[in-house]
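Listed below, chain by chain, are the residues.
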Amino acid sequence: MAAITAAMVGELRAKTDAPMMECKKALTEADGDMAKAEEILRVKLGNKASKAASRITAEGVVTAHIAGGIGALVEVNCETDFVSKNDDFLNFTKHMAQLVADKNPSDVAALSALPMDGKTVEEVRSALIGKIGENMSIRRFQRFETSAKLASYLHGTRIGVMVEYDGGEEQVGKDVAMHIAAMKPVALSSTQVPADLIEKERSVATLKAQESGKPADIAAKMVEGSVQKYLKEVSLLDQAFVKNDKQTVEQMLKSANTTVKAFTMFIVGEGIEKRQDDFAAEVAAQVAAAKKS
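The text that follows walks through the structure, step by step, so that each part is easy to find. (Residues numbered from 1 in each chain as written. Predicted model: local features only at pLDDT ≥ 70, side-chain atom pairs only at ≥ 80, totals over all residues. Heavy atoms only, no water.)

**Things to note about the sheet that holds strand 1 (residues 59-67)**
Here's step 1: In space, the three strands of this open sheet follow the order 1-2-5, with antiparallel pairing throughout. One side of each edge strand has no neighbouring strand; the edge strands of this open sheet are strand 1 and strand 5 (136-145). Averaged over all neighbouring strand pairs, the angle between strand axes comes to 15 degrees, with direction disregarded.
Here's step 2: Bridge count for strand 2 (residues 70-78) against strand 5 is nine bridges, and the pairing is antiparallel. Counterpart to I70 in the pairing with strand 5 is E145.
Here's step 3: Packing against the sheet, helix 4 (residues 87-103) makes contact with strand 1, strand 2 and strand 5, and its axis sits at approximately 145 degrees to strand 2. (Pairing = 2+ DSSP bridges. Helix = DSSP H or I, 4+ residues; strand = E, 2+ residues; numbered from the N terminus. Axes fitted to C-alpha atoms, helices over the stretch in contact; angles between N-to-C directions. Contact = heavy atoms within 4.5 Å.)

Dropping the structure here:
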């Protein structure tokens, strides 16, 4: 049996917002397996335990650049919210979006090697780290090049969306981009939802059905119903349109003679574990070091 530490309980609570005792019970049942414990909590507590998906755990900005049929969406991370508002940092991120659009680098390493102000991007980044005193990194980017249309939406600097679409007015593209930022679909249609996400949802639904004590045939229908509900919730075309929830996004697009071909959404820090500093321990260490010296 794995030892369940307070740190493990705290980490699971931060991921799920579940009560401390429930987190400890889930970790004990999962023998210390964090992913399994999170799944156990989802079964027991429902959607409350899935809040980690919307919690931002790193700082930085998302920025966009569109020129003609070429566009770029870029995420650059830093350590603190304070630096994410620094003018030099923001100018650097804007340059990154324009470079991605103009030069079409294959990946972050290729972007870092591009020339910028007589230096390479990597040299400029390193100099900026020295000037500001905080680490920063180019995390990811997505480039679009199309004969169709492009629209972007930035919710502050923390959520960025770019949409490739055909037909319709410019406002339609902007409305779709804003909808995506608000509703956070994971795919354009239900057929494009990643198989691993569907399987995870099916696994949770199956455990819930088993705990309900319903007959096997009814339990199977419960599982399938849960999966289909999930697909509608995370597929852009099936979602209720934020500006008119009486119609789906697909219905809105059809009425506007518009087709969405692709989209990308970046949320700052999504999937990154933010460092948790133990202030008391840090102070104690500094005092101990001062005594030794």
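Text resumes after the structure shown.
**Some points on helix 8 (residues 195-212)**
An α-helical turn contains 3.6 residues, so a residue and the one three or four places further along point in the same direction.
Here's step 1: For helix 8, built from 18 residues, the straight-helix expectation of 26 Å at 1.5 Å per residue is met to within 8% by its first-to-last C-alpha distance of 26 Å.
Here's step 2: Looking only at helix 8, the buried set comprises I198, E201, V204, A205 and A209. Each buried residue of helix 8 sits inside an arc of 140 degrees when the element is viewed along its axis, so together they form one side. Away from the buried face of helix 8 by more than 90 degrees, exposed residues A195, D196, Q210 and E211 are located.
Here's step 3: Just downstream of helix 8, G213 is the residue with a positive phi angle, here 75 degrees. (Expected span 1.5 Å × (residues − 1). Buried < 20%, exposed > 50% of the residue type's maximum accessible area, 1.4 Å probe, protein only. Arc of directions from axis to C-beta.)

**Describing the pairing of strand 9 (residues 244-248)**
Here's step 1: For strand 8 (residues 240-241) and strand 9, the ladder comprises two bridges, and the chain directions are antiparallel. Following the sheet pairing, F241 is matched in strand 9 by N244.
Here's step 2: Between the end of strand 8 and the start of strand 9, which pair antiparallel, lie two residues.

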